[in-house]
Structure formats: C-alpha cells, structure tokens
Amino acid sequence: MTAGAHTASKAERDLTLVLPAYNEERDLERGCLLALDALRALASERPGMRWLLVVASNGSTDATPRIAERLERRYPGEVRALVIERAGRGGALKRAWKTFPAHVLAYSDVDLSCDIAQLGALVDPVLEGRTDIAFGSRLAPGARTQRRAGREAISRIYNALLQRYLHVGFRDAQCGFKAVSARVARKVVPAVADDGWFFDTELLVRAERSGLRLHELPARWREDPRSSVRILRTALADLAGMRRLRSEL
Ligand SMILES: Nc1nc2c(ncn2[C@@H]2O[C@H](COP(=O)(O)OP(=O)(O)O)[C@@H](O)[C@H]2O)c(=O)[nH]1
Ligand SMILES: [Mg+2]
C-alpha cells in the first residue's frame with residue numbers, strides 16, 4: 001500500500017466492497033462468488049491487502065437476507081451480511097460503508113453488469129491516493145456498453161441535463177460501480193441526503209463541488225435485463241433531486 005492510502009484514514013482494512021441487494025435471491029450467490037474471486041485475485045497481487053465483501057440488503061421480501069447470512073457463515077472473515085430496515089440503495093451503501101470502514105469503500109451491483117474484472121482499475125487510483133472517487137462510466141470514450149435502446153436514451157438525456165443544469169464535468173452519474181476514499185466517506189457521504197437512486201448523482205456532484213478529484217473509468221457494461229428500477233418513478237425522483245441540488249449548492 002502507498003503512503004497516500006494510509007494517510008487517508010486510520011481504518012485497518014484496505015477495501016470494503018459492498019453488494020447492495022434487493023430481492024436478489026436468484027443472482028446473489030453467483031454475484032457474491034464472482035466478487036470473492038475478484039477480491040482474492042486482487043489481494044494476491046497486492047501482498048498484505050485486507051478486504052471485506054459486504055452484502056447490504058434492505059426491504060427484500062424474498063430469501064436475499066437468508067442467502068446473505070448463509071454466505072457469511074460459509075466464508076467467515078471474507079463475507080459479512082448486513083440487513084437494514086429502510087429501503088433504498090443509497091441508504092444501504094451509507095450504512096455499509098460506515099459499519100465496515102476501510103481506506104477504500106466500493107460497491108458493485110449484484111448482477112455484475114459492470115465487468116468485475118475491472119475491480120482493480122476501479123480501486124487502485126483511490127487506494128494509491130491518485131483520486132478521491134473512481135466510478136464506472138458507460139458514456140466515457142473507450143466504454144463498451146450493451147444495453148437496451150430505451151435505457152441508453154434515458155441515461156444520455158439524464159446526464160446531459162446534469163451537465164446543463166448542474167454543470168457537472170463527468171459523463172455518467174448512475175453506473176453501479178464506484179469507489180470512494182475514507183475521506184470522502186467521512187466528509188461527503190454524510191452530507192448526501194438522498195437514500196435512493198439519486199444518491200450516486202448527489203455524491204458525485206457534492207464531491208466535485210468540494211474540489212475533490214473524480215476519476216471516470218470507461219466501463220465494460222453488459223445490462224442485465226432484470227431490473228428493480230421503476231423508470232418513471234426514478235426519473236421523477238432524479239429531476240426533483242436535481243432541482244434540490246441546484247437550490248442547495
Ligand atoms: N440494498 C438495496 N439494494 C438495492 C435496492 N434497490 C436496488 N438495489 C440493488 O441495486 C443494484 C442495481 O439494481 P438493478 O435492478 O440491477 O438496476 P439497473 O441495473 O439499473 O436496472 C442491484 O444490486 C440491486 O439489488 C434497495 O432498495 N436496497
Ligand atoms: Mg442491473
């Protein structure tokens with residue numbers, strides 16, 4: 001580990017990777033096993049690296065929490081299961097990052113739509129102190145993105161609105177593959193009011209406005225057509241979030 005990483009926080013762990021999970025009984029085990037493989041591979045190339053995989057579920061009505069607890073029992077010291085009362089992906093991430101502190105706090109969608117082989121490329125710039133936030137971007141040059149035309153169009157429109165109305169310098173706020181430093185987790189994450197899907201956007205906008213460094217990683221993204229996003233409701237919440245941020249910042 002570099003000095004940059006160690007001055008960032010007193011946390012003992014180098015990396016906490018969270019899988020936020022909502023009704024994921026079908027995909028959770030597969031996602032967890034592949035994420036474990038990726039973490040072990042990463043650590044084998046970085047001697048002494050300490051990491052933890054956390055499944056953070058809330059609001060699930062299926063077997064997700066039980067599967068997560070089974071995985072925790074099967075992989076002691078490597079997997080932890082966290083069950084949170086209130087629904088929403090952002091709130092789950094906030095809680096998991098706070099409960100399991102590390103020099104780098106990351107998350108990936110359970111369906112691993114963003115190629116988990118990119119984990120090293122995501123976390124290394126933060127671990128080495130070269131950036132404060134790294135995140136997958138499906139709209140950056142060099143990205144390889146497969147998704148339905150409708151989702152692609154909505155994503156492009158949404159990010160164009162962010163550029164126009166909030167003057168952001170990044171291209172894709174919503175990719176489910178992000179990593180932040182312990183400092184961002186301490187200073188910026190608690191200021192993020194949104195606990196749902198807008199959490200990602202608010203985190204990036206607040207970090208950029210605070211003068212922190214953002215690193216966009218061209219994503220290799222293959223959409224899983226199964227989705228928990230309710231498009232209309234989420235789009236309206238995103239617009240309300242944009243309006244709120246514009247008045248607050
Ligand atoms: N903990 C938690 N995770 C959620 C919630 N809603 C969605 N997720 C997770 O967020 C990730 C992205 O969801 P997904 O349906 O794949 O979104 P999409 O790829 O944008 O269509 C998945 O890992 C979901 O399980 C929630 O309320 N709580
Ligand atoms: Mg998905």
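A brief look at the structure comes next. These figures come from a predicted structure and were not determined experimentally.

### A closer look at the site of ligand 1
- Near ligand 1 lie 18 residues; those nearest to it are Pro20, Glu24, Asn58, Ser227 and Ser228.
- Backbone polar atom of Gly88 to an oxygen atom of ligand 1: 2.9 Å apart, as the coordinates give it.
- Here ligand 1, which alone exposes 580 Å², has 93% of that area covered by the protein.
- Comparing atom positions with the cavity grids shows ligand 1 to sit within the largest pocket.
- Broken down by secondary-structure element, the contributors of at least two residues to the shell around ligand 1 are strand 1 (15-21), strand 2 (51-58) and helix 4 (89-99).
- Residue contributions to the shell around ligand 1 peak at three residues, all from strand 2.
- Broken down by class, the residue content of the shell around ligand 1 amounts to eight nonpolar, five polar and five charged.

### Digging into the environment of Trp197
- You can see Trp197 is positioned in the loop between helix 7 (182-187) and helix 8 (199-209).
- Remark: the alpha-carbon pair of Trp197 and Arg89, spanning 108 residues in sequence, is separated by 6.3 Å.
- Discounting chain neighbours no more than four positions away, the residues touching Trp197 are Arg89, Ser228, Val229 and Thr234.

### Here we look at the pattern of salt bridges
- Scanning all chains against the criterion turns up 28 salt bridges.
- Of the charged contacts, one joins Glu29 and Arg74 as a salt bridge, the two residues approaching to 3.4 Å between their closest N and O atoms. Remark: Arg74 occurs in helix 3 (residues 64-74) and Glu29 occurs in helix 2 (residues 28-45); sequence separation between them is 45 residues.
- Residue classification places Glu29 among the partly exposed residues on the basis of a relative accessible area of 27%.
- We note a salt bridge from Arg213 to Asp132, for which the minimum N-O separation is 3.2 Å. Of this pair, Arg213 sits in the loop between helix 8 and strand 8 (214-218) while Asp132 sits in the loop between helix 5 (119-127) and strand 5 (133-137), placing them 81 residues apart in sequence.
- Among the charged side chains, a salt-bridge network with shared partners connects Glu24, Arg26, Asp27 and Arg226.

### Thoughts on the packing of helix 2 against helix 3
- Following both chains from N to C, one finds helix 2 and helix 3 inclined at 35 degrees, their axes separated by 10 Å at the closest point. Crossing hand, helix 2 versus helix 3: right-handed. For the pair helix 2 and helix 3, contact is made by Leu28, Glu29, Cys32 and Leu33 and by Thr64, Ile67, Ala68, Arg70, Leu71 and Arg74, respectively.
- Taken together, the residues that form the contact of helix 2 with helix 3 break down as six nonpolar, one polar and three charged.

### So, unusual backbone geometry
- For Asn23, which is not glycine, the phi dihedral falls at a positive 45 degrees.
- With respect to the helices and strands, the residue Asn23 is situated in the loop between strand 1 and helix 2.
- A relative accessible area of 25% places Asn23 in the partly exposed class.
- Unlike most non-glycine residues, His167 shows phi in positive territory, near 55 degrees.
- Structurally, His167 is set in the loop between helix 6 (149-166) and strand 7 (177-181).
- When its relative accessible area of 60% is taken as the criterion, His167 is described as exposed.

### Section: the state of the cysteines
- Scanning all chains against the criterion turns up zero disulfides.
- With no disulfide partner, Cys114 has as its closest neighbouring cysteine sulfur the one in Cys175, 4.6 Å distant.
- According to the relative accessible area criterion, Cys114 is buried, its value standing at 1%.

About the cut-offs
Residues numbered from 1 in each chain as written. Chains lettered and ligands numbered in written order. Predicted model: local features only at pLDDT ≥ 70, side-chain atom pairs only at ≥ 80, totals over all residues. Heavy atoms only, no water. Near = heavy atom within 4 Å. Polar contact = N/O pair within 3.5 Å; in protein donor to acceptor, adjacent residues only side chain to side chain. Areas by Shrake-Rupley, 256 points an atom, 1.4 Å probe, with all protein chains shown as cover. 1 Å grid on protein atoms, 1.4 Å probe; cavity = no way out; pocket = protein on both sides within 12 Å on 5 of 7 lines; lining within 4 Å. Sits in = over half its atoms within 2 Å of the grid points. Helix = DSSP H or I, 4+ residues; strand = E, 2+ residues; numbered from the N terminus. Nonpolar A, V, L, I, M, F, W, Y, C, P; charged D, E, K, R; others polar. Contact = heavy atoms within 4.5 Å. Salt bridge = Lys/Arg side-chain N within 4 Å of Asp/Glu carboxyl O. Buried < 20%, exposed > 50% of the residue type's maximum accessible area, 1.4 Å probe, protein only. Axes fitted to C-alpha atoms, helices over the stretch in contact; angles between N-to-C directions. Left-handed = near helix turned anticlockwise from the far one by under 90°. Disulfide = S-S within 2.5 Å.

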